[in-house]
Amino acid sequence: MSNITRRDPFEDFFRGFFVRPVEFGGNATEAPQMRVDVKESPESYAVHAELPGVTKDDIHVSIDGPVVSITAERKQQSEQKDGERVLRTERYYGKVSRSFQLGQDVDEARAGAKFVDGVLELTLPKKAAVQARRLTIE
């Protein structure tokens with residue numbers, strides 16, 4: 001049995017013509033995702049979160065056992081000069097948050113955070129595993 005393939009000559013012509021899909025009238029009010037990288041070493045976790053346009057005072061990190069939550073707020077600054085009008089605004093203002101669970105509890109007392117150039121860097125040492133203790137019966 002022979003295979004019949006349908007071929008469109010225009011498909012070959014336009015293939016590769018558009019580098020990325022063109023989007024018209026997208027929803028600019030949708031909250032962007034917080035991009036996070038998590039790396040593990042034998043003694044700690046390292047977390048890098050991209051938070052462009054956010055000040056360090058507007059970032060909150062909470063740790064509850066193995067669960068880490070990051071919340072950030074980007075506040076809108078309305079500086080409109082006299083005679084100026086806004087034609088389009090695509091920048092997001094508001095809160096974004098992200099929570100994830102790590103494989104082991106985090107030692108909150110030794111955890112550290114830095115915020116440099118729009119990237120939050122968390123150093124989260126692992127809590128020492130509690131050894132089961134055997135009780136002696138008197």
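Notes on the structure in this doc start here. Please read these numbers as outputs of a predicted model, since none were measured by experiment. Counting of residues starts from 1 at the beginning of each chain's written sequence and follows it residue by residue. In keeping with the model being predicted, local features are shown solely for residues with a pLDDT of at least 70 and side-chain atom pairs are shown and tallied solely at 80 or more, while totals for entire chains, interfaces and linings include all residues. With hydrogens and water set aside, each side-chain value is computed from the structure's full complement of heavy atoms.

**A few points about the side chain of Lys126**
Within the fold, Lys126 resides in the segment after strand 7 (119–125). For the purposes of these results, a polar contact is taken to be a pair of N or O atoms within 3.5 Å, where, inside protein, one atom must be able to donate a hydrogen and its partner to accept one; residues adjacent in sequence count only when each atom of the pair is a side-chain atom. Engagement of the side chain of Lys126 in a polar contact is seen with the side chain of Glu40, the distance being 2.6 Å. For the purposes of this entry, the term helix denotes a DSSP run of H or I that reaches at least four residues, the term strand denotes a run of E that reaches at least two, and both are numbered from the N terminus.

**Overview of the packing of aromatic side chains**
For any pair of aromatic rings, the description consists of the separation of the ring centres together with the inter-plane angle of the planes. Between 30 and 60 degrees the pair is tilted, below 30 it is stacked and above 60 it is edge-to-face, where a pair is any two Phe, Tyr or Trp rings, Trp via its six-membered ring, whose centres lie within 6.5 Å. The full count for this structure, using the stated rule, is 0 aromatic pairs. One residue, Arg74, lies across the ring of Tyr93, its end atom 5.5 Å from the ring centre. A positively charged side chain is recorded as over a ring if its NZ (Lys) or CZ (Arg) lies within 6 Å of the ring centre. The angle to the ring normal must also be within 35 degrees. Above the ring of Tyr45, the side-chain terminus of Lys126 is found at 5.0 Å from the ring centroid.

**A look at the sheet that holds strand 6 (residues 112–116)**
The 4 strands are arranged 1-2-7-6 in an open sheet whose pairing can be described as antiparallel. Every interior strand has two partners, whereas the edge strands, strand 1 (36–40) and strand 6, have only one. The sheet shows a mean angle of 15° between the axes of neighbouring strands, direction not considered. Where strand 6 lies against strand 7, 5 bridges are found, and the strand directions are antiparallel. When the sheet's bridge partners are listed, Ala113 is paired in strand 7 with Leu122. The criterion for strand pairing is that DSSP finds at least two bridges linking the strands in question. Where helices are involved, their axes are fitted lines through C-alpha atoms of the stretch in contact, as for all axes, and angles between N-to-C directions lie from 0 to 180°.

**Some remarks on the pairing of strand 4 (residues 67–74)**
Relative to strand 4, strand 3 (residues 59–64) runs antiparallel, the two sharing 6 bridges. Its bridge partner being in strand 4, His60 is matched across the sheet by Thr71. Between the antiparallel neighbours strand 3 and strand 4 lie 2 residues, among them Gly65 with a positive phi of about 65°.

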